[in-house]
Structure formats: C-alpha cells, structure tokens
Amino acid sequence: MTNSAKANSVTSPHGGGPLLCLYGQGVARGYAIGRAVVMGATALEVMHYRITDDAVAAEKERLKRAIYMARREIQELGDTLPDDAPRELGALLGVHGMLLADPLLAEEAYALIENKHYNAEWALTTQGQLLGEQFAAMEDEYLRERAADVRQVIERVLHELAGTRGIMCLSHEEDSDDPLIVVAHDISPADMIRLRGARFAGFATDLGGPTSHTAIVARSMGVPAVVALGHVRNLVRDGDIIVVDGANGAVLVNPPDRALQEYRQLQREYVDARAELALLRDVPAETLDGIAITLHANIEMPEEAELALANGATGIGLFRSEFLFMGRPDLPTEEEQYMAYAAVVRVMKDRPVTIRTLDIGADKTIDGEATVATNPALGQRAIRYCLARPELFATQLRAILRASALGNVRILIPMIAHMHEVMATKDAIAAAKRELDARGQAYASHIELGAMVEVPAIAIAIEPFASALDFLSIGTNDLIQYTLAIDRADNDVAGLYDPLHPAVLRLIANTINAGVGAGKPVSVCGEMAGDPLLTRLLLGLGLTSFSMHPQQLLDVKREIRGAHSNALRMKVAASLNRGHAVDPVAL
Ligand code: PEP
Ligand code: MG
C-alpha cells in the first residue's frame, strides 16, 4: 500500500543516476529489466476562482462540453479496441464512461457553479474529491480502488477544459533495443491502450493496489508490475535502467552490473518455470496418494470465464455478481443480468458455474444510496441486504434461474448466519420459479443451493446448514475478519489478520468435517485457497475443493500434485488437537 512504500538510495556505481531500491506492492509476478519511460504528470494544477452571475450559464456549458468530449474520447477508444487488446481494458473503459455519465459527478458540479459560483475546474475537482473519498472509504478493496478511476476521469475532463488532451508522452528514443518499463503516477485504461503500440516489459507506479487497472491489465498480459511505490515517478528519470521485481514488490533503479546479472538469471528461471507450469493445464489435480481435488475459479466479470478455462479451471466456484451492480447509477435489469450469467454458462459449457447472489450493502451502496451503518461490516450486507429488498433479489434470482437452463448453474448465498435466512432464500427462489412458470420461461429442474461459510457462528454450528444445503463454500476473507475482530480493510490492524490462527483453522476443519458427515461438498473460495504456501495446510485440513483467481490455479495444482494428502491430514490434525498454530512451511 502507498503508505508502506519505502526507498533506499545510494550513489550508482556507473556514475549515472542514483542507485535506488523502492518497495511497493508486487501485483503481477515476474521480472522485467529495461529502460524507464516516465509518463507525464497526470495531476493538473487547478485554478480556483469565483465567476460572476452572468458567466454561470457559459461556465456550465464549458464543463458540459468538456465532459461530453471526454466521454466521446473514451467511447472512441472502446470502439476501436484492437482484437488482441486485453479483455479487461474494454470493461475498465466502461467504468470510466459510466462515471462520466453519473449525475452525481456532473449535476453536483453544475450545482456548485450555479450556487457557489465556482469556476468549472474547481467545481469538478471539488465534487470529484467527494466522490473519490466515498469510494476510498469503502470496505471492499475493489470499490476502494475505484477512487483512482474517479481521479482519472476528472483529469481527463480537466485536460479537455485546458485543451491538452492526451496526457501521455513517451519521450524515450525509439531506436534503443532495450525493453521499456513504464514509470507513472498511475495508469488509466485509456493510457493502457495508448501504451499498447510501444514495446514495454513492465510497470512501476506511485499509486494502485491489487485490483487497480495497472494490476488487472498487467496480470492479464503477463507483464510484471509493482504499484503503490509512493514516489517512483519523481525519483526516476527517462532512460534510467530499471528492474521491476514483481515477486518481491521491488523496483531497482540503475542497479550495479552484478545485480543486473542476477536478475537476468531470475528472469530466465521464471520464464522456464511458467512454461513448465503451463504444461499442467490439462493434467488432473490429484495428490500423490490419489485424492482428486476440484480446482475452480473465482471471477468478477463474465469475460474472465475464458481466463479460467485457459488456466485449467474445471468450473466457476465463485462469480461475484456484485460487480454487475457497481460503478453505475442504476440497477442492472433482469435481462442484463441474464446476459452476463448466460455468457459465463455458455463459455463453461456443462461445467459448474456458481453464481453468488449480491454481496453488497452497508457502505457498499448501489444506485446512490447513502446508508452508512454504525459498523458496516456488521450491518445490512449481502443476504441481509437482499432479503430486505425483495424486488431486487427476485430480479437477480430470475436472471440466475433463466441462465440455469443453459448449463450447470449453482446458487451461492453470502453471509448466511441464520437458518431462517436459508429458508427465506428458498422461498424467494420458489417464488422466482413460479414467476418464470407464469411467463413460460425455462430453468433447470434441479439447481444446487449453497451458502458461504464466512460468519463464525455457522462454522461453529454448521451441521443443520450442511443438511439443509447442497454445498458449502468457506469465505476465509470474511471468516478471518469476523473471527479475529479484524477489519479486513483497516491497514492499522492488517498485521493481526492471521489465516493461520488456530481458531480460524478449527472453524475451517469443523466445516469440512460437517460436509463430509452430511455428504455435501465443501470448498474454500477465500484468498487462502489461492495461496500456494497454504495448499498443503488446506489439504491437511481435509479440503478437496479449491476456488481462486484463475492466475493462481496452476501454482496451486503443482502443490497438490506434489502433496501426500493422508500424511498431511495426520500432521495437521495432531497440531490442531493441541490447539497449536500450524506452520505451513514445515508441513
Ligand atoms: C470471502 O469472504 O472469503 C469471499 C470469498 O468473499 P468476498 O471476498 O467477496 O467477501
Ligand atoms: Mg465474503
């Protein structure tokens, strides 16, 4: 994260620019070595002044036109996306287009011009800052990072107002054969498209996090990236030699020859290792003692289903449907939702597609609601939110049910804590089916219903839930948050967020055992499932089904294929029974 970015600096042995080592967050693995291309400043100085009464109409018109031009530019970029552009870029441009169309941005800025007589730039940045702060305060990591999108669209409009469209300028000489490393404050999706034509091998940015654009696009392109470096853009000069170490979240500037040689060696080893890993795509995920393990993918956008298949996923274990609802002023219609779910089902053919019903609420609002609960994590979130809004829930359920007619759809309910919530969900599904019957629309005759196990209460008293449901999926991200009373979004207590806490492990073990007892499948779909360092531990807890980001699948599969499940189970059980923490490295 930005505030943890550190820098060490000494004089370069080459006598060139200073040797620097900066630490941020590695968000796309691998190593890149090349010359820096420093992107121009994206933050514009904004004039603040008050306009006279008779200038209000013209000032509003000026802003309106700039917003229109910025929208048109984004639209054009989207329309002319080359076929080989990363899929995510189109979606990210869509987010920018939606933000620009959001009345919360434009209308409020016009009101500031009208009521307070701010000049257009001042009105826009004031409202943009407010919106950005609302996003930045959100609990959900993905939503928090949308604050960067707000900033980027504001900057785009400011450039239109200033008549300086096109913020990026690649100034490095074109005749050098060295790979290029983009060094920037932040990179917007539109900048990403402009960068496509250039040869670039890595990214280093001041801002960003695991779900920022730079991260998403870099991962999808397999280009190493380190974000949240703090001040890399100001510290690096065009043409400096840069190493981007995506594995360790480090950026070296003008390193000595010996370090460069070592990194070149690491780079070769990494490329070989990825090529070897790719060979695992179609081999079975089976332990050395013959236990078959299910490896599913977590996706957030329908387009990611292809990525899941490309990485050998045999199903979708978690489709976070809330991403269809976010970043827009209105709710997605039943038809829109159906199209999104159907798209995933079509790609996955008869493989399972687990669609999680809307996990939103409290501080994560849609359609501009401003309902900040006293403690958002404990407020009206997920299934609580949906059951309190029967129409919204019914619309989503109908869309999911309709998609079930095309393949193998499963429904997953988030944040279940009470049996009456399961019953109410079953009633809502039955009502949605009746509505479809009345319309003559098809749905699958049997659709499995499962619950996220992420509230400790149900992990402790799990048996009735295992009986009442068809499957269980452990959401370790929230399970850890609620078990250890650690806000997963609060950096101040991040050090206490401990997946290895014996209490957490016991809850996971209890849930898995109850599933085995009731003959119901149990998977883990929280971040723990995608961490190859924890694969052996989870196997030792008896887990036979994992769901994770597609890019993590093959690493985890390799761990599985080298593990002896029964031996691990004995070791882990012995530690857990003594109430000890388990050291995953020692397993
Ligand atoms: C979890 O809580 O572990 C989970 C997978 O859900 P989310 O991260 O979307 O809350
Ligand atoms: Mg969760």
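Conventions adopted
Residues numbered from 1 in each chain as written. Chains lettered and ligands numbered in written order. Predicted model: local features only at pLDDT ≥ 70, side-chain atom pairs only at ≥ 80, totals over all residues. Heavy atoms only, no water. Helix = DSSP H or I, 4+ residues; strand = E, 2+ residues; numbered from the N terminus. Buried < 20%, exposed > 50% of the residue type's maximum accessible area, 1.4 Å probe, protein only. Contact = heavy atoms within 4.5 Å. Areas by Shrake-Rupley, 256 points an atom, 1.4 Å probe, with all protein chains shown as cover. Donors = N, O, S within 2.8 Å, 3.2 Å for Na, K, Ca; no water. Salt bridge = Lys/Arg side-chain N within 4 Å of Asp/Glu carboxyl O. pLDDT = per-residue confidence, 0-100. Near = heavy atom within 4 Å. Polar contact = N/O pair within 3.5 Å; in protein donor to acceptor, adjacent residues only side chain to side chain. Nonpolar A, V, L, I, M, F, W, Y, C, P; charged D, E, K, R; others polar. Pairing = 2+ DSSP bridges. Phe/Tyr/Trp six-rings, centres within 6.5 Å; stacked < 30°, edge-to-face > 60°. Lys NZ or Arg CZ within 6 Å of the ring centre and 35° of its normal. Axes fitted to C-alpha atoms, helices over the stretch in contact; angles between N-to-C directions. Parallel < 35°, antiparallel > 145°, perpendicular 65-115°, else oblique. Left-handed = near helix turned anticlockwise from the far one by under 90°. Core = buried A, V, L, I, M, F, W, Y, C linked by side-chain atoms within 4.5 Å. Expected span 1.5 Å × (residues − 1).

Engineer: Quick rundown of the overall build of the chain? Include the residues and the values.
Structural biologist: Scanning the chain from terminus to terminus reveals 21 helices and 17 strands. Split into buried and exposed, the 587 residues of the chain put 53% on the buried side. Of the contacts formed within the chain by residues at least 6 apart in sequence, a portion of 70% connects residues at least 24 apart. Working note: accessible area of the chain is about 24,600 Å², and carbon and sulfur atoms make up 53% of it.

Engineer: Which residues make up the environment of Leu 20, and what values do they have?
Structural biologist: Within the fold, Leu 20 resides in strand E2 (residues 19-23). As for Leu 20 and Val 236, which are separated by 216 residues in sequence, their C-alpha atoms are 8.8 Å apart.

Engineer: Describe the coordination of the magnesium ion (ligand 2), naming the residues involved and giving the relevant values.
Structural biologist: Here the magnesium ion (ligand 2) is held by Glu 454 (OE) and Asp 478 (OD), and the distances to it run 2.0 to 2.2 Å. On the criterion of sequence distance, the pair formed by Glu 454 in the loop between strand E14 (448-453) and helix H15 (456-460) and Asp 478 in helix H17 (residues 476-484) is long-range, its members being 24 residues apart. Among the residues examined, Asp 478 registers a relative accessible area of 3% and is labelled buried.

Engineer: Break down the pattern of salt bridges for me, citing the residues and quoting the values.
Structural biologist: A complete count under the given rule lists 24 salt bridges for this structure. Of the charged contacts in the structure, one is a salt bridge between Asp 555 and Arg 29, with a shortest N-O distance of 2.9 Å. Of this pair, Asp 555 sits in helix H20 (residues 553-561) while Arg 29 sits in the loop between strand E3 (25-28) and strand E4 (31-38), and the two are 526 residues apart along the sequence. The closest approach of N and O atoms between Arg 151 and Asp 186, which form a salt bridge, is 2.5 Å.

Engineer: Mind laying out the confidence of the model for the chain, listing which residues take part and the relevant values?
Structural biologist: When the pLDDT values of the chain are averaged, the result is 86; 87% of them are 70 or greater. This stretch, residues 1-5, has a pLDDT under 50; its non-local contacts, to residues over four places away or in other chains, come to 14 contacts. Across residues 166-175 the pLDDT falls below 50, and counting only partners more than four positions away or on other chains, this stretch makes 22 contacts in the model.

Engineer: Go over unusual backbone geometry with me, naming the residues and quoting the values.
Structural biologist: Not every positive phi belongs to a glycine, and Lys 349 is a case in point at roughly 55°. Located in the positive-phi region is Ala 485, a residue other than glycine, with phi close to 55°. Relative to the helices and strands, Ala 485 resides in the loop between H17 and helix H18 (502-518).

Engineer: I'd like a rundown of the site of ligand 1, residues and numbers included.
Structural biologist: Within the structure, ligand 1 sits among 14 residues, and Arg 320, Arg 356, Gly 475, Asn 477 and Arg 488 are positioned closest to it. In the environment of ligand 1, an oxygen atom lies 3.1 Å from a nitrogen or oxygen atom belonging to the backbone of Thr 476. For ligand 1, whose free accessible area comes to 290 Å², the fraction covered by protein is 96%. When residues of the shell around ligand 1 are traced back to their parent elements, those giving at least two are strand E11 (316-320) and H17. In terms of residues, the shell around ligand 1 owes the most to one element, H17, which gives three residues. Taken together, the residues of the shell around ligand 1 break down into three nonpolar, four polar and seven charged.

Engineer: Give a detailed account of the pairing of strand E15 (residues 471-474), specifying residues and quantitative values.
Structural biologist: The alternating pattern of E15 places Phe 471 and Ser 473 and Leu 472 and Ile 474 on opposite faces, both of which are buried. Relative to E15, E14 is paired through four bridges, and the arrangement is parallel. In the sheet register, Val 453 faces E15, and the bridge partner there is Ile 474. With three bridges joining them, E15 and strand E16 (residues 522-524) adopt parallel strand pairing. Residue pairing in the sheet places Leu 472 in a bridge with Val 522 of E16.

Engineer: Any details on the packing of aromatic side chains? Residues and values, ideally.
Structural biologist: Each aromatic ring pair is specified by the distance between its two centres and by the angle formed by the two planes. For the structure shown, the criterion picks out four aromatic pairs. Judged by centre distance (6.0 Å) and plane angle (90°), the rings of Tyr 31 and Tyr 270 are edge-to-face. Of the two residues, Tyr 31 is situated in strand E4 and Tyr 270 in helix H9 (residues 257-278); the sequence distance between them amounts to 239 residues. Judged by relative accessible area, Tyr 270 falls into the partly exposed class, the value being 24%. Geometrically, the ring pair formed by Phe 319 and Tyr 341 is edge-to-face, given 5.9 Å between the ring centres and 80° between the ring planes. Here Tyr 341 lies in helix H11 (residues 334-348) and Phe 319 lies in strand E11, a separation of 22 residues in the sequence. Note on accessibility: Phe 319 and Tyr 341 belong to one class, buried. An aromatic cluster of three or more residues is present, and its members are Tyr 31, Tyr 263 and Tyr 270. Cation over ring: Arg 389 sits above Tyr 385, and NZ or CZ is 3.6 Å from the ring centre.

Engineer: How would you explain the packing of helix H3 (residues 103-116) against helix H4 (residues 120-136) if you had to name every residue and give the values?
Structural biologist: Two numbers describe how H3 lies on H4: the axes approach to 8 Å, and their chain directions differ by 135°. The orientation of H3 with respect to H4, classified from their angle, is oblique. Between H3 and H4 lies a crossing whose hand is right-handed. Across the interface between the two elements, Leu 104, Leu 105, Glu 108, Ala 109, Leu 112 and Ile 113 from H3 touch Ala 120, Ala 123, Leu 124, Thr 126, Gln 127, Gly 128 and Leu 131 from H4. Tallied by class, the residues present in the contact of H3 with H4 amount to nine nonpolar, three polar and one charged.

Engineer: Got a sec to walk through the side chain of Ser 404? Specific residues and values, please.
Structural biologist: With respect to the helices and strands, the residue Ser 404 is situated in helix H13 (residues 390-404). Excluding its chain neighbours within four sequence positions, the residues that come into contact with Ser 404 are Val 409, Tyr 443, Ala 444 and Ile 447.

Engineer: Explain the packing of H13 against helix H14 (residues 419-439) to me, and be specific about the residues and the numbers.
Structural biologist: In a packed pair of helices, the relevant descriptors are the angle between the two axes and the axis-to-axis distance. Two elements in contact, H13 and H14, have axes separated by 9 Å at closest approach and are oriented at 65°. Taken as axis vectors, H13 and H14 run roughly perpendicular relative to one another. Judged by the twist between their axes, the crossing of H13 over H14 is right-handed. Along its contact with H13, which presents Phe 393, Leu 397, Arg 398, Leu 401 and Arg 402, the element H14 presents Thr 425, Ala 428, Ile 429, Ala 432, Lys 433, Glu 435, Leu 436 and Arg 439.

Engineer: Before we move on, could you go through the nonpolar core and cite the residues and values that matter?
Structural biologist: Counting residues in hydrophobic clusters, the biggest one holds 123 residues, and the most contacted among them are Leu 63, Leu 541 and Phe 546. Setting aside its immediate chain neighbours within four residues, Leu 63 contacts Ala 109, Tyr 110, Ile 113, Ala 120, Leu 124, Val 157 and Leu 161.

Engineer: Describe helix H5 (residues 141-162), naming the residues involved and giving the relevant values.
Structural biologist: Within an α-helix, residues lying three or four positions from one another point in the same direction, as the helix has 3.6 residues per turn. The first and last C-alpha atoms of H5 sit 33 Å apart over 22 residues, in line with the 32 Å expected at 1.5 Å per residue. By the criterion of burial, H5 is predominantly enclosed, with 18 of the 22 residues buried.

Engineer: Requested: an account of the environment of Ala 120, with residues and values cited.
Structural biologist: On the secondary structure map, Ala 120 appears in helix H4. By relative accessible area, which is 0% here, Ala 120 ends up buried. In sequence terms Ala 120 and Ala 109 are eleven residues apart; their C-alpha atoms lie 7.6 Å from each other. Filtering out sequence-adjacent residues up to four positions away, Ala 120 remains in contact with Glu 59, Arg 62, Leu 63, Ile 113 and Leu 161.

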